[in-house]
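Now for the letters of each chain:
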Amino acid sequence: MKLIKDNFTEEEQNKIIADFVEFVRYENPFDTADYKTLIKQTLDASDFPKGIILMDKEAIQNCLANALIKKGVNPYKEEVVADSYKTKRAKQKLARLERELNEQHSKIKAHWQQTNGQPMNDKRGGQRFFNRAEELESKAIFLYKEYEKQAERVAELVERDELAAKGYDTRTGGLFMTVENIPRIEEEIAKSERGESMFTRATIRRYKKKLVELKQQAKETESMPESAKKLDLHSS
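Residues numbered from 1 in each chain as written. Predicted model: local features only at pLDDT ≥ 70, side-chain atom pairs only at ≥ 80, totals over all residues. Heavy atoms only, no water.

**Q** Is there a simple way to think about the overall build of the protein chain in this case?
**A** In terms of helices and strands, the protein chain carries 9 helices and 2 strands. Counting only residues that meet the buried cut, the protein chain has 28% of its 236 residues in that class. Here the analysis covers contacts within the protein chain between residues at least 6 apart in sequence; of these, 54% occur between residues at least 24 apart. Carbon and sulfur atoms make up 51% of the accessible area of the protein chain, which amounts to about 17200 Å² in all. (Helix = DSSP H or I, 4+ residues; strand = E, 2+ residues; numbered from the N terminus. Buried < 20%, exposed > 50% of the residue type's maximum accessible area, 1.4 Å probe, protein only. Contact = heavy atoms within 4.5 Å. Areas by Shrake-Rupley, 256 points an atom, 1.4 Å probe, with all protein chains shown as cover.)

**Q** Please explain helix α3 (residues 35-45) as it appears in this structure.
**A** Owing to its 3.6 residues per turn, the α-helix brings residues three or four apart onto one side. Listing the buried residues of α3 in full gives Tyr 35, Leu 38, Ile 39, Thr 42, Leu 43 and Ala 45. Ser 46 occupies a position one or two residues after α3 and carries a positive phi of about 55°.

**Q** Help me understand helix α5 (residues 85-113) in this model?
**A** Over its 29 residues, α5 extends 42 Å from the first C-alpha to the last, a length consistent with the 42 Å expected when each residue adds 1.5 Å. Against α6 (126-165) lie the buried residues of α5. (Expected span 1.5 Å × (residues − 1).)

**Q** Sorry if this is basic, but what is going on with the nonpolar core here?
**A** What tends to happen in soluble globular proteins is that the nonpolar side chains get buried as a cluster. By size, the foremost hydrophobic cluster in this structure holds 18 residues, and its most contacted members are Phe 20, Tyr 35, Ile 39, Ile 60 and Leu 64. Of all the secondary structure elements, the ones that give two or more residues to this core are α2 (10-27), α3 and α4 (54-71). For this core, the leading source of residues is α4, giving 6 residues. Dropping the residues within four chain positions of it, Ile 60 is found in contact with Tyr 35, Leu 38, Ile 39, Thr 42, Phe 48 and Ile 52. Counting residues in hydrophobic clusters, the runner-up holds 10 residues, among them Tyr 168, Leu 175, Ile 182 and Tyr 207. (Core = buried A, V, L, I, M, F, W, Y, C linked by side-chain atoms within 4.5 Å.)

**Q** Help me understand the pattern of salt bridges, please; the structure alone is not making it clear to me.
**A** Opposite charge on two side chains permits pairing when their charged atoms draw close. Tallied over the entire structure, the rule returns 15 salt bridges. Note that Arg 96 and Glu 100 form a salt bridge whose closest N and O atoms lie 3.0 Å from each other. Within this pair, Arg 96 and its partner Glu 100 are both found in helix α5, separated by 4 residues, close to a single helical turn. Glu 156 is the salt-bridge partner of Arg 153, the closest N and O atoms lying 3.2 Å from each other. One end of the pair, Arg 153, and the other, Glu 156, are both in helix α6, 3 residues apart, so they sit about a helical turn from each other. (Salt bridge = Lys/Arg side-chain N within 4 Å of Asp/Glu carboxyl O.)

**Q** Explain the packing of α2 against α4 to me, please; I cannot follow it from the model alone.
**A** In a pair of packed helices, the angle between the axes and the distance between the axes together describe the arrangement. Relative to each other, α2 and α4 sit at 125°, their axes nearing to 11 Å. Taken together, α2 and α4 sit at an angle that is classed as oblique. Classified by chirality, the crossing of α4 by α2 is right-handed. Together, Glu 12, Ile 16 and Phe 20 of α2 and Ala 59, Cys 63, Ala 67 and Lys 71 of α4 make up the contact between the two elements. (Axes fitted to C-alpha atoms, helices over the stretch in contact; angles between N-to-C directions. Parallel < 35°, antiparallel > 145°, perpendicular 65-115°, else oblique. Left-handed = near helix turned anticlockwise from the far one by under 90°.)

**Q** Please clarify how the packing of aromatic side chains should be interpreted in this entry.
**A** Aromatic rings in a pair are described by how distant their centres are and how their planes are angled relative to each other. On inspection of all chains with the given rule, the structure shows 6 aromatic pairs. A ring pair is formed by Trp 112 and Phe 129, whose centres lie 5.2 Å apart and whose planes are at 85°; its orientation type is edge-to-face. Pair noted here: Trp 112 is in helix α5 and Phe 129 is in helix α6, with a separation of 17 residues, a long-range link. (Phe/Tyr/Trp six-rings, centres within 6.5 Å; stacked < 30°, edge-to-face > 60°.)

**Q** Hey, could you run me through the environment of Lys 210 in this one?
**A** Among the structural elements, Lys 210 can be located in helix α8 (residues 201-222). In this structure, the C-alpha to C-alpha distance between Lys 210 and Thr 178, residues 32 residues apart in sequence, is 9.2 Å.

**Q** Explain the side chain of Ser 197 here, please?
**A** Inspection of the secondary structure assignment puts Ser 197 in the loop between α7 (182-193) and α8. Since its relative accessible area comes to 18%, Ser 197 is described here as buried. Within the structure, Ser 197 has its side chain in polar contact with the side chain of Glu 188 (distance 2.6 Å). Side-chain polar atoms of Ser 197 contact the backbone nitrogen of Phe 199, separated by 3.1 Å. Filtering out sequence-adjacent residues up to four positions away, Ser 197 remains in contact with Glu 188, Lys 191, Ser 192 and Ile 204. (Polar contact = N/O pair within 3.5 Å; in protein donor to acceptor, adjacent residues only side chain to side chain.)

Laid out in structure tokens, this is it:
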């Protein structure tokens, strides 16, 4: 939805909708879906309307994707979410554990290759050989468990970053109450008015009240000289 808003004016969006409605009417006169309303609701809320059936959802996705392709924009390219400091550190640790695990597997392989395919039971030092093999394999098992645990941690942090990029504050379970997040707060209030928000009415009332404060704050910041804006950013 964001790609459509970023690449087309409101007038162009209305033309896309009108052309699609005309196309459906010509290609499939039995399709009675109100695509004009559905697409407008989808673009306004940056999400599909609540209760939309799969067939209509796919039709809208194809409509918007085709419009972007004609414009020379790849609609299937995922938006890259920047990693937070914690996520970067967690990914670095995961990469280190993966290297150590691979090295450990190489050590195990090299250890067993010493036998040249011959059984070690009757050879002098056989017990030492098996003790060493057990030691290497135990460490590999430990590293694998650590790797799995860290992979889960990375997935958790990546999801948190993605939610934060969408305006969600994962610590409170709500939205970030910041000037930068005003569009996302307005979007959620609009969803609530259509009965599509996951937040309670009490939360939405609080968001509406806070939105007034944030807009006032944004207006005051906008009227500041550039030097004062920098000072305000450093102090906040």
